[in-house]
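# Examining the three-dimensional arrangement
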Amino acid sequence: MTSTTIAPEKTEQQQEEWKGQNVPRKEDWRLVQGQGVFVDDVKRHGMGYIHFVRSPYAHAHITSIDVSKAEEHPAVYGTLTGEEVAALTDPFFQISSVPGANVKDYALAVGKVRFVGEPIVAVVAETREAARDASELVEIEYEPLDAITDARHARDEGVPTIHEDAGGNLMWEGVYEWGDLDAAFAEADKVVKIDELHFHRFNSTPLECDGALVEYNRGVGQWTIHTNNQFPGFAAIMMGPAMRVGLDKLRFVTQDIGGGFGNKITSHPQLVACCLLARKLNRPVQWTEWRTDFHLSMSHGNERWFLETEVAVKNDGTLLGFRTKALDDAGAYLRYEPLGGVIWAQVTPGMYKWQHVRVDFTQVATNKAPVSPNRGYSRMQHLWFTERMIDIVAHELGLDPVEVRKRNFIKAEDMPYTTPNGCVYDSGDYAKMLDIALELVEYERLAGRRAEAAAAGKLLGVGIGSTLDSGTNNFGQSRLINPELQFSGNNEVATVKLDIFGEIVVTLGTTPQGQSHETTASQVVADILKCSIEDVHVRSGHDSYWNSHAGFSGTYASQFAVTGLGAVKGATEMLRDEILKLAGVVFGGVPAEALELAGGGVRMKENHEAFLPFMACGAIINANNAGLPEDLDVTLNCRYVYRPPFEVPDVERKYGNLTLTYAAQIHVAVIEIDPETGSYDIVDYAAVDDCGKRINPQIVEGQVMGATAQALGAAVHESFVYDEDGNLLTPNFYDYHVPHALDMPPLKTGYIESPSPFTSLGTKGMGEGGGAGIHAVCAAVQDALREHGGAIVWDSSNPYHRVWEMLNDPSKGAHVQVSEA
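All of these numbers come straight from a predicted model, not from anything done at the bench. (Residues numbered from 1 in each chain as written. Predicted model: local features only at pLDDT ≥ 70, side-chain atom pairs only at ≥ 80, totals over all residues. Heavy atoms only, no water.)

## Section: the packing of aromatic side chains
Counted under the stated rule, the structure contains 30 aromatic pairs. Counting every residue linked through ring pairs, the aromatic cluster contains F231, F234, Y336, Y377, F475, F552 and Y556. For R132, the ring lying beneath its charged end belongs to W290, and the centroid distance is 3.8 Å. The ring of W546 carries the charged tip of R539 above its face, separated from the ring centre by 5.1 Å. (Phe/Tyr/Trp six-rings, centres within 6.5 Å; stacked < 30°, edge-to-face > 60°. Lys NZ or Arg CZ within 6 Å of the ring centre and 35° of its normal.)

## Focus on the domain arrangement of the protein
One frequent convention defines the size of an interface as the accessible area lost when the parts assemble. Here the domain parsing of the protein yields domain 1 (39-145 + 209-257 + 265-297), domain 2 (177-203 + 299-476 + 649-820) and domain 3 (492-642). Between domain 1 and domain 3, roughly 1300 Å² of surface is buried when both sides are summed, and carbon and sulfur atoms account for 49% of that area. Run the count over domain 1 and domain 3 and you get one salt bridge. Here R251 and D543 are joined by a salt bridge, their closest N and O atoms 2.6 Å apart. Joining domain 1 to domain 3, the criterion identifies eight residue pairs in polar contact (both at pLDDT 80 or more). Of all the elements in the fold, those that place two or more residues in the side of domain 1 that touches domain 3 are α6 (232-243) and β11 (250-254). Of the residues forming the side of domain 1 that touches domain 3, the biggest block, five residues, is contributed by β11. Its residues assigned to classes, the side of domain 1 that touches domain 3 shows eight nonpolar, six polar and three charged. (Domains from an automatic or database assignment. Buried area = accessible area lost by both parts, 1.4 Å probe. Salt bridge = Lys/Arg side-chain N within 4 Å of Asp/Glu carboxyl O. Polar contact = N/O pair within 3.5 Å; in protein donor to acceptor, adjacent residues only side chain to side chain. Helix = DSSP H or I, 4+ residues; strand = E, 2+ residues; numbered from the N terminus. Nonpolar A, V, L, I, M, F, W, Y, C, P; charged D, E, K, R; others polar.)

## Overview of the pattern of salt bridges
The full count for this structure, using the stated rule, is 52 salt bridges. Put simply, R304 and D328 hold a salt bridge, and the shortest N to O gap is 2.8 Å. Note that R304 is positioned in strand β13 (residues 303-313) and D328 in strand β14 (residues 319-329), a separation of 24 residues in sequence. Its relative accessible area of 0% is what places D328 among the buried residues. In this structure, E308 and K325 form a salt bridge, with 3.1 Å as the shortest nitrogen-oxygen distance. In this pair, E308 is assigned in strand β13 and K325 in strand β14, connecting sequence segments 17 residues apart. (Buried < 20%, exposed > 50% of the residue type's maximum accessible area, 1.4 Å probe, protein only.)

## Comments concerning the sheet that holds strand β20 (residues 504-508)
Across the sheet, which stays open at both edges, the four strands sit in the order β21-β20-β19-β26 with mixed pairing between neighbours. Since the sheet does not close on itself, it has two edges, and those belong to β21 (536-538) and β26 (637-642), each with one partner. On average, each strand axis in the sheet is tilted by 20 degrees relative to the strand beside it, whichever way the strands run. By the bridge criterion, three bridges tie β20 to β21 in an arrangement that is parallel. Considered in β21, the bridge of V505 is made with H537. (Pairing = 2+ DSSP bridges. Axes fitted to C-alpha atoms, helices over the stretch in contact; angles between N-to-C directions.)

What follows is the structure in structure tokens.
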């Protein structure tokens, strides 16, 4: 693996001591020694282990449930059924407007199962093995129903209804239109029509599956939920009303989390079941998910079809507008959906200057596992689609895809740039990023490399992909889905205090899963307080009972560098000002302007001999405060709530700024295909990123490499495939191949820095850029096939057998027509 960097010019704002440095990760000290505390490490005396009995059918009525034999098992503590859940809780709140708003979703199946793997009964026993064995004794009778596994046919006449309360399988639909489509198509020289494109189901599989240990305090009616859920703010909003309790009764505690990627946002149904069992059995209960259960039932990424796409284009490749029908497969329940029906709009034009756009968006239910956010949530699908249009247009018009991109890129001098739907791209230079990526793969040698590959009996192809990693959601976008919702903006909290012995203690509201929050927060704090990062102690994990929890607390949407560090910066600056105020009093009425922080204390700017260490400051306020002025408003315990500068979007126009920052990645893949078998190797690869100000470059590099690995897995290997009866054919790692280190190609990285003008540190989000790699591979496959039948790649997943099919029958690719406008 090789790497290159493109260093941006220095400015005064970039002359920090700690920010921008590759300091060692603070988290690694405990993690590499096996001292991390993950959810399965949390134990309690007398706890019971939960195992869920799951449906073998994709669609069936439950006619009877008998748990008596399981409860007679000597090691079993008790069970929970769907009927009990329905009596003790209300259905989960639905984000959707009607008809999706009418879906009734409980912690366990009630009366009917809607996907293979849906939990029906929970069994609690003395050991995990006993719970699993006893679950085999639960007797359930079913009346099977026909399953729906193809979203394109979910609304056909005569198909079974998955949710009778919704009146059909339509969950949500809406039309997004901006600009003047008629004028765009009238101005066009050509109209490129693409019948069907498909973005497949996959999952950015974390090493650690979902889990929880739940305790119930009967005296105060409070649950303590030790969990690896990555968005406790959302889980609480879902769970409290369903359980008929206030949110103060739900205490969420996390420490180390073995990966999240959005998959761990929607575990609230299982957490409710755990809470009910802890109360029913009056004992702690522990649930650790098995990998097959995770694949069967948790958080698939959105599967999306793009139908009847039309692109208006000039002969020189200038893109004028497009229209398409997007069909989203939500699976059996909505959970976090239909937010995917609007979040794509954060990046409506991709990196390009489209001004005229229409998307008819429809989301339906099928008898597959529910979907939820998955690294690059909803934007990944749409950005792949915009890149597919670019390459298909270039292919059909005989143009260079590099030149088509450069002709249509939003330019650096146009930043900040307002998109057709009112989102504001903060900064960036996409053409420069593409040039760096092409240089890394030696694009100028392309013709020679093709000839070398051909001499070896291989087909060489080059592909480009891009992604915009929009960071810090404006939850007001949910009102475009359901105008009745009372969500808008975003927030995150941090507290920073100077303790009695001078310790600098930072408490975050976030739930990191490998993003190095402890390290980067320490770097920001150390720069402001002019101390060493070793003097900064960041509490690991999250506790909603700490005073650093807000309604949107969690780690998701690539926002920590903006909201999390924005809160840390605000709280630390408050603490700095309080320290200076206290020192001024101690020094006999010296104004704060005459003081400065340095070396772990306060000193006079003109007389460095007068020095007050942080330990003395902490001791004075916390333990030796007699005689201080009564009006001295200093606590040395500072809480700051960061709120991004958002407005509520215009619901009628579907217009407004939906996110605050836009990190970017451009990937280039070079592949060689064996025409006899369809197998291919990625022989060269470049990833170039721009995440604004880099707090810790090495951590950013790790995010880029991890996202790239997940992208290549999705593009080549990973896919959730169902048969017509709704059985998942890739339920575990025997059939679902996640890339290993040996699967990774030579990876070259580069970067630029374009600090965001909208954030206090110049930072943007980072980590969800892997979607660029999915399209880069698709485009490389298409490029390699251009002299071998010229098939058009129509799917985001291109395993070897699909490439072989297109090699032998180009009609297996997308069907495209070009007409004069």
